[in-house]
Amino acid sequence: MDYTEKVLEYFRNPKNMGRIENADGIGKVGNPICGDVMWIYIKVGKNEKGEEIVEDIKFETFGCAAAIATSSVITEIAKGKTLEEAEKISNKDVVEFLGGLPPIKKHCSLLAEEGLKSAIEDYRKRAKEKNEKL
Amino acid sequence: MIYLDYNATTPTDPRVIKAMKEYFFEKFGNPSSIYEIARENRRDIEKAREKVADLIDANSDEIFFTSGGTESDNWAIKGVAFALKDKGNHIITSQIEHHAVLNTCKFLNKIGYEITYVPVDKYGVVDIDFIKKAIKKETILITIMHANNEIGTIQPIEEIAKIAKENNIYFHSDCVQTVGKIPISVKKLGVDMLSLSAHKFYGPKGVGAIYIRKGTKIETLIHGGEQEKGKRSGTYNVPGIIGLGKAAEIAKEEMEEEMKRVKYLRDKLEKGIIEKIPEIVINGHPENHLYNTLNLCVKYIEGESILLKLDFEKIYVSSGSACTSGSLEPSHVLLACGIPHEIAHGSLRFSLGKYNKEEDVDKVLEVLPKIVEELRKISPFWEKK
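Throughout, residues of each chain are indexed from 1 in the direction in which the sequence is written. Throughout, the order in which chains and ligands are written sets their labels, letters from A for the former and numbers from 1 for the latter. Owing to the predicted nature of the model, reporting of local features is limited to residues with pLDDT of at least 70; listing and counting of side-chain atom pairs is limited to 80 or more, with chain, interface and lining totals taken over all residues. Hydrogen atoms and water are omitted, and side-chain values are computed over all heavy atoms in the structure.

All right, on to the overall build of chain B then. Where helices and strands are cited, they refer to DSSP runs of H or I of at least four residues and of E of at least two residues respectively, numbered from the N terminus. Looking only at helices and strands, chain B features twelve helices and twelve strands. All radius of gyration figures rest on C-alpha atoms, and the globule criterion is 2.2 Å times the number of residues raised to 0.38. The C-alpha atoms of chain B give a radius of gyration of 22 Å, which matches the 21 Å a tight globule of 385 residues would have. A principal-axis box enclosing the C-alpha atoms of chain B has dimensions of 75 × 55 × 35 Å. Any two residues whose heavy atoms approach within 4.5 Å are treated as being in contact. Contacts spanning at least 24 positions in sequence make up 73% of the contacts within chain B whose residues lie at least 6 apart. For accessible areas, the Shrake-Rupley method is used with a probe of radius 1.4 Å. Any residue's cover is judged against the shown protein chains and nothing else. Carbon together with sulfur atoms contributes 53% to the accessible area of chain B, which is approximately 16300 Å² in total. The centroid of the 54 positive side-chain charges in chain B is displaced by 2 Å from the centroid of its 56 negative side-chain charges. For this count, His and the chain ends are skipped, Lys and Arg are scored as positive, and Asp and Glu as negative. For this purpose, a charge sits on NZ of Lys, CZ of Arg, CG of Asp or CD of Glu.

This is the structure:
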């Protein structure tokens, strides 16, 4: 199976690339030996209801077109969502968004899901440590 | 379009197409029949056979037509393995062979043959001493490719052939990447069998040949109507064979000029890339390589991404071997050369040929640095400067 037009489009023009200086949480997933590494940076803010939301999100990715496209898509889906909503984003949402992925590249979407979850986890861990210090 | 993937396949030379054309309709006969159009076909096939023999300095009765390089490799390896099964069951090959050889050996291993995979040095040159030590009384065949399709490294075939001969072992070489590109003499190389493929040197796809030195004990794989002196059955692929013959004739005439011209372009590309892009690793042997092949790794980014971005610019290259693109493992050839996984993932292969012009190289040198910069910008491993 080839890449869909949408995958190629997101690979060509990815959104939210780069790093966030002083990020509130960073998720580092993947392994360079396997050929795909994603780093997801998040900045956490609050919405009108006072819930924590993904205010800003960026990625850095080493990998194939699918890895770059899925990184971009997960940041786009997550941006503005509450942390609880963002944590529920699954790789299926990413694959659906892209109109499918070649079977051999499905792990890229999993990596994107894990990257976001791990960034949120990192944020929560840091917040907890901060609270404990106070 | 800028096509830089000539090791994958080449466009068919229009002169070859012209030569083939009449064998589809006017001269459509089955050469195995006895009437005049068939006899004429037979004569034309023999002329094509002579041209192929001429290209590799063989006798025409030692050339057998096949469906291509893969069949020739299968025939050589399985054919000898089956013919000599009472003599021994050990085959020596290298870690960097094409899958046509590797997977054939894997199959033979499954049915009881023992295979030794000879390692290579960092340039992809096989370890001759390792071969010498691997030889035992059960060894029936050594099969080592002439030039590697991915990195272009040329193996010391004459030396290996000598070792094989001294030990009374058959020697086969997959010469798919060298026949038609560089001068080849089966006599000088000292091979017992050699595989070649038409579409790698401007002939049509689906046709190739094997050279089998007279007297070589080899079993037939394809049984049927006894074509090719009973050694390879199946109705003659007449247009294909005519095309292969024409391609061989053209290659022989134009090779010398082409070698100089393409070498200049490839070397210019290499020099330009090294100048314009930092942190590049050039793969393969620095001198002893195919003059048209440039394989390199771009550190911190991944080959497929570069390939697709070049594709957006209508520049066609490959990453490692096209045959491995369905897998996630980086090229077995680069890994065998000791290149770490994370660097091997960033490999790119440029292979140039007859229809490339200097502008093509200039265009790549203009576009590639930008692509690399873009991808490195989003790579977590690239230290932003």
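Next comes the rest of the account.
What follows deals with the pattern of salt bridges. Residue and element names in this part refer to chain B. Salt bridge, as applied in this entry: a Lys or Arg side-chain nitrogen positioned within 4 Å of an Asp or Glu carboxyl oxygen. Counted under the stated rule, the structure contains 39 salt bridges over all chains. One salt bridge in this structure joins Lys51 and Glu249, with 2.9 Å as the shortest N-O distance. In this pair, Lys51 is assigned in helix α2 (residues 36-55) and Glu249 in helix α8 (residues 238-276), connecting sequence segments 198 residues apart. Remark: exposure states derive from per-residue accessible area (1.4 Å probe, protein chains only) relative to the maximum for the residue type, with buried under 20%, exposed over 50%, and partly exposed in between. In this structure Glu249 comes out as partly exposed when scored by relative accessible area, which is 24%.

The next point concerns helix α5 (residues 106-133) of chain A. Take the residue count of a helix, subtract one, and multiply by 1.5 Å to get its expected span. Taking 1.5 Å of rise per residue, 28 residues should cover 40 Å, and α5(A) covers 41 Å from first to last C-alpha, within 8% of that figure. All buried positions along α5(A) are accounted for by Cys108(A), Ser109(A), Leu111(A), Ala112(A), Glu113(A), Gly115(A), Leu116(A), Ala119(A), Ile120(A), Asp122(A) and Tyr123(A).

Residues shown with low pLDDT carry predicted positions that ought not to be read at fine detail. Across chain B, the average pLDDT comes to 96, with 97% of residues at 70 or higher. For this predicted complex, the interface confidence score (ipTM) comes to 0.92, while the overall pTM stands at 0.94. Residue-level confidence of the predictor, termed pLDDT, takes values from 0 up to 100.

With that out of the way, let us pick up the sheet that holds strand β2 (residues 36-46) of chain A. Strand pairing in a sheet relies on backbone hydrogen bonds, with the paired strands running either antiparallel or parallel. Residue and element names in this part refer to chain A. Strands were regarded as paired on the criterion that DSSP finds at least two bridges between them. Pairing in this open sheet of three strands is antiparallel, and the strands run β1-β2-β3 from one edge to the other. Either end of the sheet is taken by a strand with one partner, and the two such strands are β1 (25-31) and β3 (52-62). On average, each strand axis in the sheet is inclined to that of its neighbour by 15 degrees, with strand direction left out of account. Strand direction decides the pairing type here: β1 and β2, joined by seven bridges, are antiparallel. In the strand pairing of β2, Asn31 is matched with Asp36. Only the stretch in contact is used when fitting a helix axis, every axis being a line fitted to C-alpha atoms; angles between N-to-C directions are given from 0 to 180 degrees.

Time to look at the packing of helix α9 (residues 303-312) of chain B against helix α12 (residues 358-377) of chain B. Residues and elements named next belong to chain B. Following both chains from N to C, one finds α9 and α12 inclined at 130 degrees, their axes separated by 10 Å at the closest point. Overall, the two elements α9 and α12 adopt an arrangement that is oblique. Our pair here, α9 against α12, has a crossing hand that is right-handed. Contacts between α9 and α12 involve Ser305, Ile306, Lys309 and Leu310 from the first element and Val367, Leu368, Ile371, Glu374 and Leu375 from the second. We call two directions roughly parallel when the angle between them is under 35 degrees, roughly antiparallel when it is over 145, roughly perpendicular when it lies between 65 and 115, and oblique otherwise. Each helix crossing is assigned a hand: it is left-handed if the near helix lies turned anticlockwise from the far helix by less than a right angle, otherwise right-handed if that turn is clockwise.

Here we come to the sheet that holds strand β10 (residues 293-298) of chain B. Residue and element names in this part refer to chain B. Taken together, three strands build an open sheet; the order of strands is β9-β10-β12 and the sheet is antiparallel. If you trace the sheet from one side to the other, it starts and ends with β9 (280-283) and β12 (347-351), each paired once. Here the strands of the sheet are splayed against their neighbours by 25 degrees on average, with no regard to which way each runs. Bridge count for β10 against β12 is five bridges, and the pairing is antiparallel. Its bridge partner lying in β12, Leu294 is registered against Phe350. Each of β9, β10 and β12 is contacted by α8, which is oriented at about 15 degrees to β10, the strand it contacts most.

This part takes up the side chain of Lys181(B). Residue and element names in this part refer to chain B. Checked against the element boundaries, Lys181 lands in the loop between β6 (170-174) and α7 (186-189). Of the side chains with opposite charge, Asp5 lies nearest to the buried Lys181, which makes no salt bridge, at 9.9 Å. Any N or O atom pair separated by 3.5 Å or less is treated as a polar contact, with the protein-specific requirement of one donor-capable and one acceptor-capable atom, and with residues adjacent in sequence counted only for side-chain atom pairs. Looking at Lys181, its side chain comes within polar contact range of the side chain of Asn7, at 3.4 Å. Sequence-distant contacts of Lys181, defined by excluding residues within four places in its chain, comprise Asn7, Met255, Met259, Leu290, Tyr291 and Asn292.

A separate point is the pairing of β6(B). Residue and element names in this part refer to chain B. With respect to burial, β6 is a largely interior element, five of its five residues being buried. The pairing of strand β5 (residues 139-143) with β6 spans three bridges and is classified as parallel. By the bridge assignment, Ile142 is partnered in β6 with Phe171. Pairing geometry for β6 and strand β7 (residues 193-197), over three bridges, is parallel. Note on β7: the bridge partner recorded for Asp174 is Ser195.

This brings us to unusual backbone geometry. All names here are of chain B. The backbone phi angle of Tyr202 is positive, close to 70 degrees, even though this residue is not glycine. Along the chain, Tyr202 turns up in the loop between β7 and β8 (208-212). Owing to a relative accessible area of 13%, Tyr202 belongs among the buried residues under this scheme.

Quick look at the environment of Tyr300(B) now. Note on placement: Tyr300(B) falls in the loop between β10 and α9. Expressed as a C-alpha distance, the spacing of Tyr300(B) and Ile378(B), which sit 78 residues apart in the sequence, is 9.9 Å. With residues up to four places along the chain from it excluded, the contact list for Tyr300(B) reads Phe62(A), Glu279(B), Arg376(B), Ser379(B), Phe381(B) and Trp382(B). In this structure the side chain of Tyr300(B) is engaged in a polar contact, spanning 3.0 Å, whose partner is the side chain of Glu279(B).

Residue and element names in this part refer to chain B. Membership of the largest hydrophobic core comes to 138 residues, with the highest contact counts inside it found for Ile56, Ile142, Leu194, Phe201, Ile273, Phe350 and Leu368. Considering every element that reaches this core, the biggest residue donor is α8, with 13 residues. Domain limits in this description derive from either an automatic procedure or a database domain assignment. Residue assignment places this core across two domains, with domain 1 (2-6 + 255-380) and domain 2 (14-251) each supplying three or more. When neighbours within four sequence positions are excluded, Leu194 is seen to be in contact with Ile56, His172, Ser173, Cys175, Val179, Ile184, Val186, Leu189, Ala209, Ile210 and Tyr211. By size, the runner-up hydrophobic cluster in this structure holds 20 residues, among which are Phe64, Val80, Leu108 and Met193. Side-chain atoms within 4.5 Å link the members of a nonpolar core, which is a set of buried Ala, Val, Leu, Ile, Met, Phe, Trp, Tyr and Cys residues.

All right, on to the packing of aromatic side chains then. All names here are of chain B. The pairing test for Phe, Tyr and Trp rings, Trp by its six-membered ring, is centres within 6.5 Å, and the orientation test on the planes gives stacked under 30 degrees, edge-to-face over 60, and tilted for anything in between. If you walk through the whole model with that rule in mind, you get nine aromatic pairs over all chains. With a centroid separation of 5.6 Å and an interplanar angle of 50 degrees, the aromatic rings of Tyr300 and Trp382 are classed as tilted. Taken together, the residues span a long stretch of sequence, with Tyr300 in the loop between β10 and α9 and Trp382 in the segment after α12 at a distance of 82 residues. Exposure remark for Tyr300: the relative accessible area of 25% places this residue in the partly exposed category. A relative accessible area of 14% means that Trp382 is categorised as buried. Note that Lys78 overlies the ring of Phe107, its terminal NZ or CZ placed 5.1 Å from the centroid. In this scheme, Lys NZ or Arg CZ marks a charge over a ring once it lies within 6 Å of the ring centre and within 35 degrees of the ring normal. Note that Lys354 overlies the ring of Tyr202, its terminal NZ or CZ placed 4.2 Å from the centroid.

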